[in-house]
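Close look at the chain arrangement
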Amino acid sequence: MNHDPEVYSDPMSFRPERFMDPNPEMDPPEACFGFCRRICPGRVLADASVFISCAMVLAVFNISKDPEDSFIVTDPSTGIISHPSVFKCSISLHLDRAVALIQADERR
Ligand code: HEM
């Protein structure tokens, strides 16, 4: 359903701004966790886990294009789990306190 051209315009393109328009397209969680009596009971845990994982990574790392490679995702896979094809990127620490935060997490 998240790739249905009747629901999303140009569904295979990565265009997060589609959800920020004054008339946004349907929010994916409205469909990807199922519906009615069969709706996923783990959806709040799943949503919070993905959010906190992304927030932890973005709090300490700067992720950007690889300076020597393009960041073109030409062949997104399809199936139960969809992901971009392999690409190079640059990952660096972007806060002085990042090292202390990472080391504090390692000690726990
Ligand atoms: C991103 C993560 C997740 C996605 C996309 C997802 C998606 C779904 C979907 C679409 C269904 C409905 C299947 C149907 O209609 O038959 C479902 C059901 C279910 N999910 Fe999830 N789920 C996720 C994470 C979780 C987690 C973390 C848990 C438990 C901690 C969980 C537990 C369940 C259970 C027990 C059902 C069966 C509900 C029933 O049939 O009464 N799911 N999930």
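For the structure itself, consult the block above.
Thresholds, definitions, all that
Residues numbered from 1 in each chain as written. Predicted model: local features only at pLDDT ≥ 70, side-chain atom pairs only at ≥ 80, totals over all residues. Heavy atoms only, no water. Phe/Tyr/Trp six-rings, centres within 6.5 Å; stacked < 30°, edge-to-face > 60°. Helix = DSSP H or I, 4+ residues; strand = E, 2+ residues; numbered from the N terminus. Buried < 20%, exposed > 50% of the residue type's maximum accessible area, 1.4 Å probe, protein only. Near = heavy atom within 4 Å. Polar contact = N/O pair within 3.5 Å; in protein donor to acceptor, adjacent residues only side chain to side chain. Nonpolar A, V, L, I, M, F, W, Y, C, P; charged D, E, K, R; others polar. Donors = N, O, S within 2.8 Å, 3.2 Å for Na, K, Ca; no water. Salt bridge = Lys/Arg side-chain N within 4 Å of Asp/Glu carboxyl O. Patch = residues over 30% accessible without salt bridge, like charges linked within 9 Å, V, L, I, M, F, W, Y side chains within 5 Å. Areas by Shrake-Rupley, 256 points an atom, 1.4 Å probe, with all protein chains shown as cover. 1 Å grid on protein atoms, 1.4 Å probe; cavity = no way out; pocket = protein on both sides within 12 Å on 5 of 7 lines; lining within 4 Å. Points joined across faces, edges and corners; volume = space filled by probe spheres on them. Contact = heavy atoms within 4.5 Å.

What about the packing of aromatic side chains?
Scanning all chains against the criterion turns up one aromatic pair. Ring geometry for Y8 and F19: centres 6.3 Å apart, planes at 80°, overall edge-to-face. Of this pair, Y8 sits in the segment before α1 (29-32) while F19 sits in the segment before α1; the two residues are 11 residues apart in sequence, bridging distant segments of the chain. Classification of Y8 by relative accessible area gives buried; the value is 3%.

Notes on the site of the ligand
Around the ligand, the structure places C32, F33, G34, R38, C40, P41, G42, L45 and A46. Interatomic distance of 2.7 Å between a side-chain N/O atom of R38 and an oxygen atom of the ligand. Class assignment for the residues of the shell around the ligand results in six nonpolar, two polar and one charged.

What about the coordination of the iron atom of the ligand?
A lone protein donor binds the iron atom of the ligand: C40 (SG), at 2.2 Å. Position of C40 relative to the elements: it lies in the loop between α1 and α2 (43-60).

Digging into the pattern of salt bridges
Evaluation of the coordinates by the stated rule reveals two salt bridges. We note a salt bridge from E25 to R18, for which the minimum N-O separation is 3.0 Å. Taking relative accessible area as the criterion, E25 reaches 19% and is therefore assigned buried.

Structural notes on a nonpolar patch on the surface
Taken together, the side chains of V57, L58, I63 and I91 present a nonpolar region at the surface, about 370 Å² in accessible area. The partly exposed category is assigned to I63, whose relative accessible area is 44%.

Section: the layout of surface pockets
Roughly 190 Å³ of internal volume is contained in the second largest pocket. Residue lining of the second largest pocket: M56, V57, A59, V60, F61, L101, I102, D105 and R108, and that is the complete set. Secondary structure elements with two or more residues in the lining of the second largest pocket: α2 and α3 (98-107). Ranked by residues supplied to the lining of the second largest pocket, first place goes to α2 with four residues.

Quick word on the side chain of R18
Position of R18 relative to the elements: it lies in the segment before α1. In terms of polar contacts, R18 uses its side chain to reach the side chain of E25, at 3.0 Å. If near-sequence neighbours (up to four positions away) are discounted, R18 is found in contact with Y8, S9, D10, P11, S13, P24 and E25.

Notes on unusual backbone geometry
Despite not being glycine, D10 has its phi angle at roughly 50°, a positive value. Relative to the helices and strands, D10 resides in the segment before α1. The phi torsion at C36 lies on the positive side, around 50°, for a residue other than glycine. The topology assignment puts C36 in the loop between α1 and α2.

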